[in-house]
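Chains, contacts and geometry: an overview
Each chain, written out:
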Amino acid sequence: MDKIQIFGGNPLIGEIKISGSKNSALPIMAASLLTDEKLSISNVPKLSDIDSMIKLLESLNVKVNKKNTTIDFQSFVPESLSASYELVRKMRASFLILGPLLARYGNASVSLPGGCAIGTRPVNLHLDGLERMGVKFKINSGYVTGNCEKGMKGSTINLKKISVGATENLMMAATLAEGETILKNAAREPEIIDLAKLLIKMGANIHGHGSKTIKIIGKKKLKGCEYKIMPDRIEAGTFALCVFGCSGKIKLLNVNKSISEHLQKIFKPLKSLNMIILDNGKSLLVKKIKETQVTIKIKTKEYPGFPTDLQAQLTSSLLKTKGKSEIVENIFENRFMHISELIRMGANLKQKGSKVIVSETKNLKGAEVMATDLRASSSLIIAGLIANGKTIINRVYHLDRGYEEIEKKLKKCGANIERIKK
Ligand code: UD1
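Given the structure is predicted, the values throughout are model-derived calculations rather than measurements.

1. Regarding the domain arrangement of the chain
Along its sequence, the chain is carved into domain 1 (3-19 + 231-420) and domain 2 (22-228). Here the C-alpha centroids of domain 1 and domain 2 sit 30 Å apart. Contact with domain 2 buries area across many residues of domain 1, yet Tyr303, Arg401 and Glu404 alone supply 32% of it, more than any other trio. Taken together, domain 1 and domain 2 are joined by two salt bridges. Two residues, Arg401 and Asp49, come together in a salt bridge whose shortest N-O distance is 2.8 Å.

2. So, the site of the ligand
Around the ligand sit 19 residues in total, of which Asn124, Ser163, Val164, Asp309 and Ile331 are the nearest. The backbone of Val164 places a nitrogen or oxygen atom 2.7 Å from an oxygen atom of the ligand. One of the side-chain N or O atoms of Arg335 is found 3.5 Å from an oxygen atom in the ligand. Isolated, the ligand exposes 740 Å² of accessible area, and the fraction of that covered by the protein chains is 86%. With three residues, the single largest contributor to the shell around the ligand is helix H5 (residues 124-132). For the shell around the ligand, the class distribution of residues is eight nonpolar, six polar and five charged. For the shell around the ligand, the two domains that each supply at least three residues are domain 1 (3-19 + 231-420) and domain 2 (22-228).

3. Concerning the pairing of strand E21 (residues 355-359)
Counting buried positions over the five residues of E21 gives four, a clear majority of the element. Pairing of strand E19 (residues 324-328) with E21 involves five bridges; the strand directions are antiparallel. Residue pairing across strands places Ser325 opposite Val358, the latter belonging to E21. By the bridge criterion, four bridges tie strand E20 (residues 349-352) to E21 in an arrangement that is antiparallel. By the bridge assignment for E21, Lys350 is matched with Ile357. As consecutive antiparallel partners, E20 and E21 are separated by two residues, and within that stretch Gly353 has a phi angle of approximately 60°, a positive value.

4. Things to note about the sheet that holds strand E9 (residues 143-147)
Taken together, four strands build an open sheet; the order of strands is E6-E7-E9-E8 and the sheet is mixed. With partners counted over all chains shown, the strands left at the sheet margins are strand E6 (82-83) and strand E8 (136-140), one partner each. Of the pairings in the sheet, the one linking E8 to E9 comprises five bridges and is antiparallel in character. Along E9, the bridge assignment pairs Phe137 with Gly146. The strands touched by helix H4 (residues 98-105) are strand E7 (107-111), E8 and E9; relative to E7, the strand with the most contacts, the crossing angle is about 160°.

5. Focus on the environment of Thr321
Tracing the backbone shows Thr321 in the loop between helix H10 (311-317) and E19. Residues Thr321 and Val358 lie 37 residues apart in sequence; the distance between their C-alpha atoms is 9.2 Å. Here Thr321 is in contact with Phe244, Glu291, Thr292, Val294 and Glu360, once residues within four sequence places are set aside.

6. Comments concerning unusual backbone geometry
Along the chain, Tyr303 connects to Pro304 via a cis peptide bond; the corresponding omega equals 10°. You can see Pro304 is positioned in the loop between strand E18 (297-299) and H10. The phi torsion at Asn68 lies on the positive side, around 60°, for a residue other than glycine. Inspection of the secondary structure assignment puts Asn68 in the loop between strand E4 (62-67) and strand E5 (70-75). The class of Asn68 is exposed, set by a relative accessible area of 55%. A positive phi is found at Asp279, a non-glycine position, where the angle reads about 50°. Looking at the element boundaries, Asp279 is found in the loop between strand E16 (273-278) and strand E17 (283-288).

Cut-offs applied
Residues numbered from 1 in each chain as written. Predicted model: local features only at pLDDT ≥ 70, side-chain atom pairs only at ≥ 80, totals over all residues. Heavy atoms only, no water. Domains from an automatic or database assignment. Buried area = accessible area lost by both parts, 1.4 Å probe. Salt bridge = Lys/Arg side-chain N within 4 Å of Asp/Glu carboxyl O. Near = heavy atom within 4 Å. Polar contact = N/O pair within 3.5 Å; in protein donor to acceptor, adjacent residues only side chain to side chain. Areas by Shrake-Rupley, 256 points an atom, 1.4 Å probe, with all protein chains shown as cover. Helix = DSSP H or I, 4+ residues; strand = E, 2+ residues; numbered from the N terminus. Nonpolar A, V, L, I, M, F, W, Y, C, P; charged D, E, K, R; others polar. Buried < 20%, exposed > 50% of the residue type's maximum accessible area, 1.4 Å probe, protein only. Pairing = 2+ DSSP bridges. Contact = heavy atoms within 4.5 Å. Axes fitted to C-alpha atoms, helices over the stretch in contact; angles between N-to-C directions.

Structural data, given as structure tokens:
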């Protein structure tokens, strides 16, 4: 297995091109199951999660044609409407094929994703919503099998909790259901808007995406189209936090205005991080200005709040900052696997339930550490970049799920970072 080696202490100066959004690309790829016509998707990031989704779609008789960052998908009637544990366990987003398969074919069997390092992550909201649209489910040997031979019917669905994945699964299913579906308490993430825009280009009738209530009027058939994936706001936020932790100045390229404004808003409490929107929103200049005392209290929340996907990176970026900060994780119950690894580097961190207290660590030292999940991995990268001496990060495959060539992008900006291939 590959490792990442870092010698910390360098400031970061340069330009980084932000890739297409992973969390947008995955549901958009699942949407290829809604039509027999070709979808041509551009700005797809080169990540192992994307490869996992391609394998899953190919197992369902989707023909996939890759040309650099543009991928064509064309879905033909599959022999079997079943997604195996082997394919689903690698990536929870695989569960997003359930809604499209049920809407198009009336039945489907998908392995339950089970738990993962950041918590139990149930799928009850996906299943409850689909049941309201007329699907009957049976759970057997770890598989959920849904049936709605008479076709799906639009319905009003009040999501008990805000869920990105459930909103996406239900929105996709509703595009082919008979009549009107209203999703209440829907997630408002930009990735939901990106998926809705694609579906509308495919001919779907959707209103209110980006708000708490989404209305979808089902169509008999959707068509193919070309679509460009939005930039990855979590990747951009991670690099901004690298600059905050290490000091320096990086121009983030290929972003957009709404992502830039959102990052400016969520990082406002980090007073020494200066963010300037350039090129009409297409670039964001991120600069560390004079060090001040930082005492922040941040709680992760659904969009437009502080994203849980940047919580781990925020923690390590604060380690060398004067002051004492509090970070509360509100979305996942166990998203603190990085804490014990950071403590092995000497980090001054205390965890109490869902709260982490970060205090200034004068002597953060490089160490051999273990990545446990995707965002924990990037938080270890930030810690390695600001620590004294050598850090080795093991289990880099977690990083490759969601960051395209992160070590190359950081190296170009002056970081002393290498991938050690095994
Ligand atoms: C998506 C993102 C992930 C991000 C998360 C929250 C993708 C591919 N992944 O994951 O990076 O961290 O949103 O922003 O887009 N829940 C239930 N029942 C359900 C579904 C969810 O209780 O049926 C709970 C979860 O356990 C969690 C919360 O709802 O506590 C939010 O999860 P959700 O928004 O569904 O996350 P994902 O869509 O899996």
